[in-house]
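If you want the building blocks of each chain, they are given just below.
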Amino acid sequence: MVDLSMKMLLHDRLRFALTTFGVAFSVMLVLVQVGLFEGLIGYAADTILPIRQADLWITSRNTQNIDFANYFPENLVNRVRSVPGVERADNLMVDFMPIHLPNGSSDGVMVYGLTHYWKWGVPWNVVSGNPLDLRGGPYMFLDDFATHRYGPFRVGDYREITNQRFRIIGVLHGLRSFTTIPVAFLDFYRAQALTDITFGKTAYILVHLSPGADRKAVMAEIRRRLPYNDVFTRKAWARRGQDYWIFKTGLGFNMGMIVFLGCLVGVVILAQTLYTTTMEHVREFGMVKAIGGDNGDIYRLLMRQAAVIAVAGYLAGTLLAFLIKPLAKKGDLDLILSPGLLATVFVATLALCLLASTVSFRKVSRIDPALLFRS
Amino acid sequence: MKSLVAEEIVKVYQEGGSRVEALRGISLALAPSEIVILEGPSGSGKTTFMSVAGCLLSPTSGRLSVEGQGVDFSRPKDMVRVRRESIGFVFQSFNLFPALTVLENVLYALQIRGKLTPEYEREARTILEQIGLGHRLDFIPARLSGGEKQRVAIARALSGGSRILFADEPTANLDSHVGLEVLGILRRLAKEEGRSVLVATHDPAVRTIADRVVRMRDGCLVEGENG
Ligand SMILES: Nc1ncnc2c1ncn2[C@@H]1O[C@H](COP(=O)(O)OP(=O)(O)OP(=O)(O)O)[C@@H](O)[C@H]1O
Ligand SMILES: [Mg+2]
């Protein structure tokens, strides 16, 4: 087998390299963009999915995502506890509060308060301190991500949340809310008492099902007993918050646009290079016809070249994306390159490259071998 | 049996308003082992005739049969078949594949013709050796001299058992003594292997190998001459 397509590509190595780089750049752009987006969207579930014990979340009616809590009477939790199939149900407070910093400035903090931390494995990312101590007074656990916004802090320091002093008794790691507002864990009742609005109320109820309980039946029964609330499974609740950010903020559209443009630029660059290459090799393609080849032989050759460029570009682009991953981490962004994403981008790259190669087909079909007679 | 018979070939180029009658009823036959030279002033229609007889171009009217089989010009597949099975071209400007080595240029032609078999490959190597390229098999065209390039083109044209060779100004880009070498090869291919060769040229030196010289003027054959 004489592989003319490969030999042609390798005959002009510089062009091959540049074309491959063009594709690689597009692949990298899409991977990094979607990967960062997946990372970012993942943050929106950072305080939901890790609470594995919470099979169900009860929210006030039509709450869009965890950061925008609405409040309902805290004693509804008792009704939930009496539903058959519910093993445990507890109130969770989530509220956005101003926090005052030592340098005189102020910022925001997402305050979380749970009545029985130890039963839920919350918080799950303790670096130092014992969450059981939260009950003992005006104390809080603060995630070290807060350093970015609040400056350095240590266990034993005090910070003021709405003019009440809280002592930092523990440090958490790795919690990054979608809004980048740092998360602090307080005792439920102290969190509740921070404002009048939440007096006697809760933001959410976490539900843990008994072993073997029929989840659907339990949810239906909760809906019946709490007609002014919504009930979600943990995953659905996480998804709901993510969908909010994706679809209601234009973020999804924005990402879609960039992905679209990345693909478009890649395809146009490639189509244009392949077309110029075809034009330059028009004599050779005419010769293929003179030898007895037909258009199909030349189409196959062009598609093979496009496929080779696609695979090479994909590999190089993926490599670049993996090199950027640690850089993103330094910027406190997670670049998530999931197998699904990698596979999708591979298939799309191949398909788009083949598509780009068809731009030259018309030209090929019109090649007149009589041009070979010209000197 | 003649290897190629062209009868009353007419070719009219019609582009926009202009109309060029390039061939006005050309009849010509090629026998096995025969070398025919096509002469004539520039623009007389030599290249056009070769394109039609070589099934690269459909005539406006006329009939062509190649190795006993009529060619249906209304079916491009039929033209492709004839090019694949029976005909080889050699051009003034060689038209080799620059990315392929000497051997690969020939093997690729076999591949396109669906004849990449050990027998044809052996034959291709033999031809290349016979025409003095045995030591150049792994060279790419850029490293060959003009005469060597044209010899590769000849080997490629004949690969896969093509019995008819069309050469348009094969010596025009070569020094005269190199041209003579190439002509010697064409002659040997005709006389020893029984192939038919049609050469269009302005080069008087080509007459030395001719069995027959045919002159064209304004799309007509003007005289026949037996050599
Ligand atoms: N594609 C074309 N479209 C229109 N006219 C053409 C085309 N090809 C050739 N002709 C015309 O047909 C006539 C014959 O041309 P052709 O190339 O066959 O001559 P030729 O004998 O090979 O000339 P030369 O010795 O210069 O190679 C010329 O008048 C030329 O201008
Ligand atoms: Mg000519």
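Residues numbered from 1 in each chain as written. Chains lettered and ligands numbered in written order. Predicted model: local features only at pLDDT ≥ 70, side-chain atom pairs only at ≥ 80, totals over all residues. Heavy atoms only, no water.

Another point: the overall build of chain B. Of regular secondary structure, chain B possesses six helices and ten strands. For 227 residues, the compact-globule estimate of 2.2 N^0.38 gives 17 Å, and the C-alpha radius of gyration of chain B, at 17 Å, lies within 12% of that figure. Taking the principal axes of the C-alpha coordinates as reference, chain B spans close to 50 × 40 × 40 Å. Counting over 227 residues, chain B shows a buried share of 56%. A sequence separation of at least 24 residues applies to 71% of the contacts in chain B between residues at least 6 apart. Of the charged side chains in chain B, 29 are positive and 28 negative; the average position of the first set lies 3 Å away from that of the second. (Helix = DSSP H or I, 4+ residues; strand = E, 2+ residues; numbered from the N terminus. Rg over C-alpha atoms; globule rule 2.2 N^0.38 Å. Buried < 20%, exposed > 50% of the residue type's maximum accessible area, 1.4 Å probe, protein only. Contact = heavy atoms within 4.5 Å. Lys, Arg positive; Asp, Glu negative; His and termini not counted. Charge placed at Lys NZ, Arg CZ, Asp CG, Glu CD.)

A separate point is the UniProt feature "domain: ABC3 transporter permease C-terminal" (unreviewed entry) in chain A. UniProt's feature table lists "domain: ABC3 transporter permease C-terminal" (unreviewed entry) at residues 257-369 of chain A, given in the numbering used throughout. The span residues 257-369 of chain A shows a helical share of 83% and a strand share of 0%, and its end C-alpha atoms are spaced 44 Å apart. (UniProt positions renumbered as here; feature names shortened; annotations may be inferred.)

Let us look at the sheet that holds strand 2 (residues 18-30) of chain B. Pairing within the open sheet is antiparallel, and its four strands lie in the order 2-1-4-5 (chain B). Single-partner strands in this sheet number two, and they are strand 2 and strand 5 (69-70) of chain B. (Pairing = 2+ DSSP bridges.)

To find leftover empty space, a probe the size of one water molecule is rolled over the atoms. Throughout the structure, instances matching the rule amount to two cavities of 30 Å³ or more. One number sums up the size of the largest cavity: a volume of about 70 Å³. Forming the boundary of the largest cavity are A:Y43, A:A44, A:T47, A:N65, A:I66, A:D67, A:Y112, A:S177, A:F178, A:G241 and A:W245. In terms of residue class, the lining of the largest cavity is made up of six nonpolar, four polar and one charged. Within this model, the second largest cavity holds a volume of roughly 40 Å³. If you go around the second largest cavity, the residues you meet are A:M287, A:A290, A:I291, B:I87, B:G88, B:F89, B:R113, B:R156 and B:A157. Put simply, the parts of the chain that give the lining of the second largest cavity at least two residues each are helix 10 (282-291) of chain A together with strand 6 (87-90) and helix 5 (146-158) of chain B. (1 Å grid on protein atoms, 1.4 Å probe; cavity = no way out; pocket = protein on both sides within 12 Å on 5 of 7 lines; lining within 4 Å. Points joined across faces, edges and corners; volume = space filled by probe spheres on them. Nonpolar A, V, L, I, M, F, W, Y, C, P; charged D, E, K, R; others polar.)

Size it by volume and the largest pocket reaches roughly 450 Å³. Along the walls of the largest pocket sit 21 residues, with A:F373, B:Y13, B:K46, B:T47 and B:T48 positioned nearest its centre. Listing elements by their share of the lining of the largest pocket, those giving two or more residues are strand 2 and helix 1 (46-53) of chain B. Looking at which element gives the most residues to the lining of the largest pocket, the answer is helix 1 of chain B, with four residues. Considered class by class, the residues forming the lining of the largest pocket number seven nonpolar, nine polar and five charged. Counted as a void, the second largest pocket has a volume near 320 Å³. Taken together, 17 residues line the second largest pocket, and the ones lying closest to its centre are A:D294, A:N295, B:P76, B:V80 and B:R83.

Quick look at the side chain of A:H281 now. All names here are of chain A. By secondary structure assignment, the location of H281 is in the loop between helix 9 (251-280) and helix 10. Using a relative accessible area of 18% as the deciding quantity, one classes H281 as buried. A polar atom in the side chain of H281 sits 2.7 Å from the side chain of E284. (Polar contact = N/O pair within 3.5 Å; in protein donor to acceptor, adjacent residues only side chain to side chain.)

Let us now look at the interface of chain B and chain A. The partner chain A presents 23 residues to the 28 residues of chain B that form the contact. For the pair chain B and chain A, the two sides together bury roughly 2400 Å², of which 67% comes from carbon and sulfur. At the junction of chain B and chain A, the tally comes to one salt bridge. In this assembly, chain B and chain A are joined by nine residue pairs in polar contact (both at pLDDT 80 or more). Going through the elements one at a time, helix 1, helix 2 (76-85) and helix 3 (102-112) of chain B are the ones with two or more residues in the side of chain B that touches chain A. (Buried area = accessible area lost by both parts, 1.4 Å probe. Salt bridge = Lys/Arg side-chain N within 4 Å of Asp/Glu carboxyl O.)

Tracing the backbone shows A:I197 in the loop between helix 6 (188-192) and strand 10 (201-202). For the pair A:I197 and A:F247, spaced 50 residues apart in sequence, the C-alpha to C-alpha distance is 29 Å.

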